[in-house]
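# Report on the structure
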Amino acid sequence: MSDGISDDVKDVLGVLTERIEARFGMDIARLKAAVAAAPLANPAATDVVKWHGLLAEAQSVLDHAEDDLLAALETQPSEVDDPTMGLAHSVNAAVTTRDGRAMVVRWLLDPDAPGKKDPAAERLARPRPRTGPAVQTSAPHRPAGTPAPASARQPGRPVR
């Protein structure tokens, strides 16, 4: 492959697992253990481990969907019935999910990926203290006896 990964690794999960291990200098099991022990120590590792787990889950779902489809196809005559076509759609959906998660892992591993170097990304990456909720979360307090604004009145209902 062009990513410097050996050609004998054919599956998406295997290729990305190798890239993760190369990036962090340890096998995936040790990296998961390190992230579990100290999730805040390396946010990049924490994100990669999370998405690698989601990718592994999606790959497992895809493997089962493909097995189910192959088993159904072996029992089919020349034309495919609706339930088998539904299994084919399940395989397509599983591939889409797996590929989407693989794209996220590749993006997380690429320090020069689009969106990681522009000024907006740098601003978002800088920690800043929260000053309160971004939007008002409760109705403003009105002193007793102050009428509600006209926009709050509904025809036929008393104003409280």
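The rules we used
- Residues numbered from 1 in each chain as written.
- Predicted model: local features only at pLDDT ≥ 70, side-chain atom pairs only at ≥ 80, totals over all residues.
- Heavy atoms only, no water.
- Core = buried A, V, L, I, M, F, W, Y, C linked by side-chain atoms within 4.5 Å.
- Buried < 20%, exposed > 50% of the residue type's maximum accessible area, 1.4 Å probe, protein only.
- Helix = DSSP H or I, 4+ residues; strand = E, 2+ residues; numbered from the N terminus.
- Contact = heavy atoms within 4.5 Å.
- pLDDT = per-residue confidence, 0-100.
- Phe/Tyr/Trp six-rings, centres within 6.5 Å; stacked < 30°, edge-to-face > 60°.
- Lys NZ or Arg CZ within 6 Å of the ring centre and 35° of its normal.
- Patch = residues over 30% accessible without salt bridge, like charges linked within 9 Å, V, L, I, M, F, W, Y side chains within 5 Å.
- Areas by Shrake-Rupley, 256 points an atom, 1.4 Å probe, with all protein chains shown as cover.
- Salt bridge = Lys/Arg side-chain N within 4 Å of Asp/Glu carboxyl O.
- Lys, Arg positive; Asp, Glu negative; His and termini not counted.
- Charge placed at Lys NZ, Arg CZ, Asp CG, Glu CD.
- 1 Å grid on protein atoms, 1.4 Å probe; cavity = no way out; pocket = protein on both sides within 12 Å on 5 of 7 lines; lining within 4 Å.
- Points joined across faces, edges and corners; volume = space filled by probe spheres on them.
- Nonpolar A, V, L, I, M, F, W, Y, C, P; charged D, E, K, R; others polar.

## Description of the nonpolar core
With 15 residues, the main nonpolar core has Ile 20, Phe 24, Leu 31, Val 48, Leu 55, Val 105 and Leu 109 as its most contacted residues. Secondary structure elements with two or more residues in this core: helix H1 (12-24), helix H2 (28-37), helix H3 (43-74) and helix H4 (82-109). In this view, Val 48 contacts Ile 20, Phe 24, Leu 108 and Leu 109; residues no more than four positions away in its chain are not counted. Formed by five residues, the second largest nonpolar core is a distinct cluster that contains Ala 65, Leu 69, Val 91 and Ala 94.

## Regarding the confidence of the model for the protein
Here the protein averages 83 in pLDDT, while 69% of its residues score no lower than 70. Mean pLDDT across the elements of the protein bottoms out in helix H5 (residues 119-125) (65) and peaks in H2 (97).

## Things to note about the packing of aromatic side chains
Remark: the centre distance and the inter-plane angle together describe each pair of aromatic rings, the angle taken between the planes. By the definition in use, this model includes zero aromatic pairs. Over the ring of Trp 107 we find Lys 116, and its NZ or CZ is 4.4 Å from the ring centre.

## Quick word on a negative patch on the surface
A cluster of acidic residues, Asp 11, Asp 63, Glu 66, Asp 67 and Asp 68, forms a negative patch on the protein surface. Summarising the element assignment, Asp 63 is placed in helix H3.

## So, the layout of surface pockets
Within this model, the largest pocket holds a volume of roughly 240 Å³. Together, 11 residues line the largest pocket, and Arg 23, Ala 44, Trp 107, Leu 108 and Lys 116 are the ones closest to its centre. The set of elements that each furnish at least two residues to the lining of the largest pocket consists of H3 and H4. For the lining of the largest pocket, the per-class residue count stands at seven nonpolar, no polar and four charged.

## Details of the side chain of Gln 59
As for its placement among the helices and strands, Gln 59 is situated in helix H3. Note on Gln 59: relative accessible area 9%, which makes it buried. Discounting residues that sit within four places of it in the chain, Gln 59 has contacts with Leu 13 and Arg 98.

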